[in-house]
Amino acid sequence: MSPGPARGRTRGQDGGAGRRNPVRRWQLVRAGADAVPPSTRRFMARARRRRMRAALPWAVTVAVLVLAGLVAWTVFGTGLLGVREVRVVGARLVTPVEVRDAAAVPDDTPLARVDLASTARRVGTLAPVERVTVERDWPSVLVIRVVERTPAAAVPRGDGYAVIDRTGVVFQTVPRLPDGLPVVRVDQPAPEDPGTRAGLAVLAALGPQLRAELVSVDVAGLARISLRLRNDRTVVWGDATRGADKSKVATALLGRKADTIDVSAPDVVTFQ
């Protein structure tokens, strides 16, 4: 075999291999703005605007929820808007300290979390308090408005007097009879006591002239009620019914010289 042709075939094979596997060199080239057709750019811009419009409501909703959560946490979960002052309005028979103690609202309690109804009920357990309203005064004040009971009569008790309102609730004890307050004599003054209710009903039926002469309403029994007047005069009232008629008749007879006037049956009056 001749070595010449063999070498020729080897070169031919090498040359063919070189042609089949050329070495490629890549280069990244940035296209100019004019490389994209205007129609394509307009289409892409419109697509971006559509995506932004579609995403905007969701973004706003998420932002609002995050803000609302932050506000709720600040208001309900921290002492930033907590109770710094408990302001008491209208208290005379009870002291502001007693009202605050009854309210039992700790300092720095989030104002929004204070149960207004429960606070009012606690303050309402104080005997002199008839009605209570509790309000928030942002950012940090709890306002408690108290309406106290109005004295209607005094009941002798021991060495002093128990002051009752028009419903018979005992809300104050005093050593001396308050000026201008009528006396009702019953054994156990209370709203549920029939004698107390009867005595207050008689008291409410009295006209101005009879009230001016009154010393006390004595309730010895539900049908044995009498009025003690000045100058040791007595009006036998009987029970608490027909109060307006009895008051009218007794007032008309005040000018008579009689120690006892019996109006228990106002249609048939006796006096002596």
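What you see is a predicted model; the values in this text were computed from it and never measured. (Residues numbered from 1 in each chain as written. Predicted model: local features only at pLDDT ≥ 70, side-chain atom pairs only at ≥ 80, totals over all residues. Heavy atoms only, no water.)

I tried to follow the sheet that holds strand β3 (residues 141–148) on my own but got confused; where do I start?
Backbone hydrogen bonds hold the strands of a sheet together, and the pairing may be parallel or antiparallel. Ordered in space as β1-β3-β2, the three strands form an open sheet in which the pairing is mixed. The outermost strands of the open sheet, each flanked by one partner alone, are β1 (85–89) and β2 (129–137). Sheet twist, expressed as the mean angle between neighbouring strand axes with direction ignored, is 20 degrees. Of the strands in this sheet, β2 and β3 are in contact with helix α4 (residues 116–124), which crosses β2 at around 145 degrees. (Pairing = 2+ DSSP bridges. Helix = DSSP H or I, 4+ residues; strand = E, 2+ residues; numbered from the N terminus. Axes fitted to C-alpha atoms, helices over the stretch in contact; angles between N-to-C directions. Contact = heavy atoms within 4.5 Å.)

How should the pairing of β1 be read in this particular structure?
Walk down a regular strand and you will see the side chains alternate between the two sheet faces. Side-chain alternation along β1 places V86 and V88 on a buried face and E85, R87 and V89 on a face that remains uncovered. By the bridge criterion, five bridges tie β1 to β3 in an arrangement that is parallel. Looking at the pairing, V89 lines up with R145 of β3. (Buried < 20%, exposed > 50% of the residue type's maximum accessible area, 1.4 Å probe, protein only.)

How should I be thinking about the nonpolar core in this particular structure?
Across soluble globular proteins, nonpolar side chains have a tendency to be buried as a group. Formed by 26 residues in total, the largest nonpolar core has its most connected members in L206, V217, L227, V235 and W237. At the level of secondary structure, the elements contributing two or more residues to this core comprise β4 (153–157), α5 (194–205), β8 (214–219), β9 (225–229) and β10 (233–238). In terms of residue count, α5 provides more of this core than any other element does, four residues in total. Not counting residues up to four positions away in its chain, the partners in contact with W237 are V202, L206, L210, I225, S226, L227, G243, K246, S247, V263 and S264. (Core = buried A, V, L, I, M, F, W, Y, C linked by side-chain atoms within 4.5 Å.)

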